[in-house]
Each structure stands twice: as structure tokens, then as C-alpha cells.
Amino acid sequence: MKWLAQFGKFWYDFLIGDDWRLAVGVVAAISGLFVAAHRGVNWWWLLPFAVALLLVISVTHEMRRRPPLTPNPGAT
């Protein structure tokens, strides 16, 4: 049973990773494109746009979370 828990932890870490917002955003974008494609709409350009938008959101969130870097006066 221990291997099942480790297997689940691996897949959670692999799919969700550090930012759950990316996982939810990718699933939403792919689901939206799936529905649009089955309705005959040609929105292929939406996936690259969604990936770029998710990247900006993730980087912005991480920049707000971490403290700013301070210069080291002793370093050359």
C-alpha cells in the first residue's frame, strides 16, 4: 500500500508542481479548446495565448511572493 501512496504523491507533484494555478489553467484551456473544436470552431490560436498568459500570471505571482534581492556590497 505504501507504493500506491508514493505513486499518488509522484503524480500530484508532477502534474500540480509548485503552482496549482498553472495546472487548473492548462486543464481549462484544453477543455475549452476541446469543446470549441467539437462545435466546429477553429480557435487553435487560443492555446498558445493561454500558455503565455499563464506564464505571465505565474511569474507575477512568484515575484510578489519573494522578497526583492538586495545587492551585496562585499561582492565584486
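Residues numbered from 1 in each chain as written. Predicted model: local features only at pLDDT ≥ 70, side-chain atom pairs only at ≥ 80, totals over all residues. Heavy atoms only, no water.

S.K.: Just give me the short version of the overall build of the chain, but keep the residues and values in it.
M.R.: Of the regular secondary structure elements, the chain holds three helices and zero strands. Mapped from its N terminus to its C terminus, the chain presents α and β elements in the order α-α-α. For 76 residues, the compact-globule estimate of 2.2 N^0.38 gives 11 Å, and the C-alpha radius of gyration of the chain, at 19 Å, exceeds that figure by more than 25%. For the chain, the C-alpha atoms occupy an extent of roughly 60 × 45 × 20 Å along the three principal directions. Here the chain, with 76 residues, has 12% of them falling under the buried criterion. Of the roughly 7100 Å² of accessible surface on the chain, 71% is carried by carbon and sulfur atoms. With 7 positive and 4 negative side-chain charges, the chain shows a separation of 5 Å between the mean positions of the two kinds. (Helix = DSSP H or I, 4+ residues; strand = E, 2+ residues; numbered from the N terminus. Rg over C-alpha atoms; globule rule 2.2 N^0.38 Å. Buried < 20%, exposed > 50% of the residue type's maximum accessible area, 1.4 Å probe, protein only. Areas by Shrake-Rupley, 256 points an atom, 1.4 Å probe, with all protein chains shown as cover. Lys, Arg positive; Asp, Glu negative; His and termini not counted. Charge placed at Lys NZ, Arg CZ, Asp CG, Glu CD.)

S.K.: Pulling in residues and values, what's your account of the packing of aromatic side chains?
M.R.: Taken as a whole, this structure holds four aromatic pairs when the rule is applied. Centre to centre, the rings of F10 and W11 are 5.1 Å apart; their planes meet at 75 degrees, and the pair counts as edge-to-face. Looking at F10, the relative accessible area reads 45%, which means it is partly exposed. Both rings, one in F10 and one in F14, keep their centres 5.8 Å apart while their planes meet at 15 degrees; by these two values the pair is stacked. Here the residue F10 and the residue F14 both occupy positions in helix α1 (residues 2-15), the gap between them amounting to four residues, near one helical turn. The class of F14 is exposed, set by a relative accessible area of 55%. (Phe/Tyr/Trp six-rings, centres within 6.5 Å; stacked < 30°, edge-to-face > 60°.)

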